Amino acid sequence: MIMTCNIKALLDSATSTLSQVVQSLHLKPRFESELLLSFVLKVERIYLHTHSTQSVNPTQAKHFLSLVEERAKGKPIEYITQSASFYEHTFYVNDSVLIPRPESEILIQKASEIITRHNIESIAEVGIGSGILSITLSLLHPQCRFFATDISQKALEVTQKNIHSLAPDSNITLKHCSLLPSSWQDIELIISNPPYICDDYPISLPLTYEPSIALFGGKDGLDILKALIVEAKNRKAFLLCEIGYDQKNALEQILTQHNAKDIEFYKDLSGLDRGFWCRF
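Residues numbered from 1 in each chain as written. Predicted model: local features only at pLDDT ≥ 70, side-chain atom pairs only at ≥ 80, totals over all residues. Heavy atoms only, no water.

Novice: I tried to follow the overall build of the chain on my own but got confused; where do I start?
Specialist: A count of helices and strands for the chain gives 11 helices and 11 strands. With the C-alpha coordinates aligned to their principal axes, the bounding extent of the chain is approximately 70 × 40 × 30 Å. Counting only residues that meet the buried cut, the chain has 48% of its 280 residues in that class. Sequence separation of 24 or more characterises 65% of the internal contacts of the chain that already satisfy a separation of 6 or more. Looking at the chain as shown, the accessible area adds up to about 14100 Å², and 51% of this sits on carbon and sulfur atoms. Between the mean site of the 26 positive side-chain charges and the mean site of the 32 negative ones, the chain shows a separation of 1 Å. (Helix = DSSP H or I, 4+ residues; strand = E, 2+ residues; numbered from the N terminus. Buried < 20%, exposed > 50% of the residue type's maximum accessible area, 1.4 Å probe, protein only. Contact = heavy atoms within 4.5 Å. Areas by Shrake-Rupley, 256 points an atom, 1.4 Å probe, with all protein chains shown as cover. Lys, Arg positive; Asp, Glu negative; His and termini not counted. Charge placed at Lys NZ, Arg CZ, Asp CG, Glu CD.)

Right under this line is the structure:
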């Protein structure tokens, strides 16, 4: 039985537990301990510092320590707290969707540039997941219409929650399917963060918690990217996608074969190839 203890004691215990796996999981023991306790107590992190001697009841303490154990085993903290920050917004996430990455903010910037420069009014996203891309862009460009699909019904349910909480007035149409339905006409820009990891690539422990259907893209990781290129070509649309760090050369050849125009690749903040845009 867990005896009543105070906030500082719980944080010290959790920090000690997480410090033992810091190298393998690349986590921040104290910071993440505070995030988890804030989540359990439903308070801001600053509250923990100003009320460090406050007692925590046994039920809450037990819940907190169980979450710390989950984190120590490799479960991403975003799945534990069911929240993730992206572009200054907090999105609901669960293990049906990928955890938002900071690198995807570059895609938002590129999409905004294309939308503004070419007066784009209709955007389609393939594989919307939690909705971070379409929702963020809808908030930045409320005049635009958005159409989005996902092969996972559970992912679309997550998207719907985020639309309701973050962008209830947005013009976003959702559909459960792969790629884009033929009934959606006049799409000017297609965006996607598709599955692009090779099927036999050894992924890290945290990634094993994320949905494999959103990670793996076939033997060479290019299955969905190739399909998106054909989709954009058939629609004579702009295409903007994230890619794997080692896929630029292969995609450059494929895009050239399909007569894509204005092909431009971009890098992330680490200097790795992260995505491309083109038009047909």
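That shown, we press on.
Novice: Would you take a moment to explain the nonpolar core for this structure?
Specialist: As a rule of thumb, nonpolar side chains are buried together in soluble globular proteins. The biggest cluster of nonpolar side chains holds 29 residues, and the ones touching the most others in it are Ile190, Leu225, Leu239, Leu251, Leu255 and Phe276. Put simply, the parts of the chain that give this core at least two residues each are strand S5 (122-126), helix H10 (223-235), strand S9 (238-242), helix H11 (248-257) and strand S11 (273-279). Element by element, the count of residues in this core is highest for H10, at four residues. The contacts of leucine 239, once residues within four sequence positions are left out, are Leu189, Ile190, Leu228, Ile229, Ala232, Phe276, Trp277 and Cys278. Residues Ile108, Ile120, Leu133 and Ile191 belong to the second largest nonpolar core, which totals 25 residues. (Core = buried A, V, L, I, M, F, W, Y, C linked by side-chain atoms within 4.5 Å.)

Novice: What's the story with the packing of aromatic side chains in this structure? I'm lost.
Specialist: Two numbers describe a pair of aromatic rings. These are the distance of the centres and the angle of the planes. By the definition in use, this model includes five aromatic pairs. Ring geometry for phenylalanine 86 versus phenylalanine 91: centroids 6.4 Å apart, planes at 70°, classification edge-to-face. We note that phenylalanine 86, like phenylalanine 91, is buried. With a centroid separation of 5.7 Å and an interplanar angle of 45°, the aromatic rings of phenylalanine 265 and phenylalanine 276 are classed as tilted. (Phe/Tyr/Trp six-rings, centres within 6.5 Å; stacked < 30°, edge-to-face > 60°.)

Novice: So what exactly am I meant to see when it comes to the UniProt feature "domain: Release factor glutamine methyltransferase N-terminal" (unreviewed entry) in the chain here?
Specialist: In this numbering, the UniProt entry assigns the feature "domain: Release factor glutamine methyltransferase N-terminal" (unreviewed entry) to residues 11-81. As annotated, residues 11-81 has a helix share of 73% and a strand share of 3%, and its two end C-alpha atoms lie 17 Å apart. (UniProt positions renumbered as here; feature names shortened; annotations may be inferred.)

Novice: What should I look at first to understand the pairing of strand S6 (residues 145-150) in this one?
Specialist: Regular strands show a simple pattern: their side chains alternate between the two faces of the sheet. Counting buried positions over the six residues of S6 gives five, a clear majority of the element. As defined by bridge partners, S5 adjoins S6 across five bridges and the pair is classed as parallel. Directly across from alanine 124, in S6, lies its bridge partner phenylalanine 147. With helix H8 (residues 132-140) bridging S5 and the parallel S6, this β-α-β connection has right-handed handedness. Assessed by its sense of winding, the connection that carries the chain from S6 through helix H9 (residues 153-166) to strand S7 (residues 172-176) is right-handed. (Pairing = 2+ DSSP bridges. Right-handed = clockwise from strand over helix to strand, strands pointing away.)

Novice: Sorry if this is basic, but what is going on with unusual backbone geometry here?
Specialist: Glycine aside, residues mostly have negative phi angles, and peptide bonds mostly take the trans form. Positive phi values are uncommon outside glycine, yet leucine 179 reaches one of about 50°. Along the chain, the position of leucine 179 falls in the loop between S7 and strand S8 (189-192). We classify leucine 179 as partly exposed; its relative accessible area is 24%. The backbone phi angle of lysine 236 is positive, close to 55°, even though this residue is not glycine. Structurally, lysine 236 can be placed in the loop between H10 and S9.

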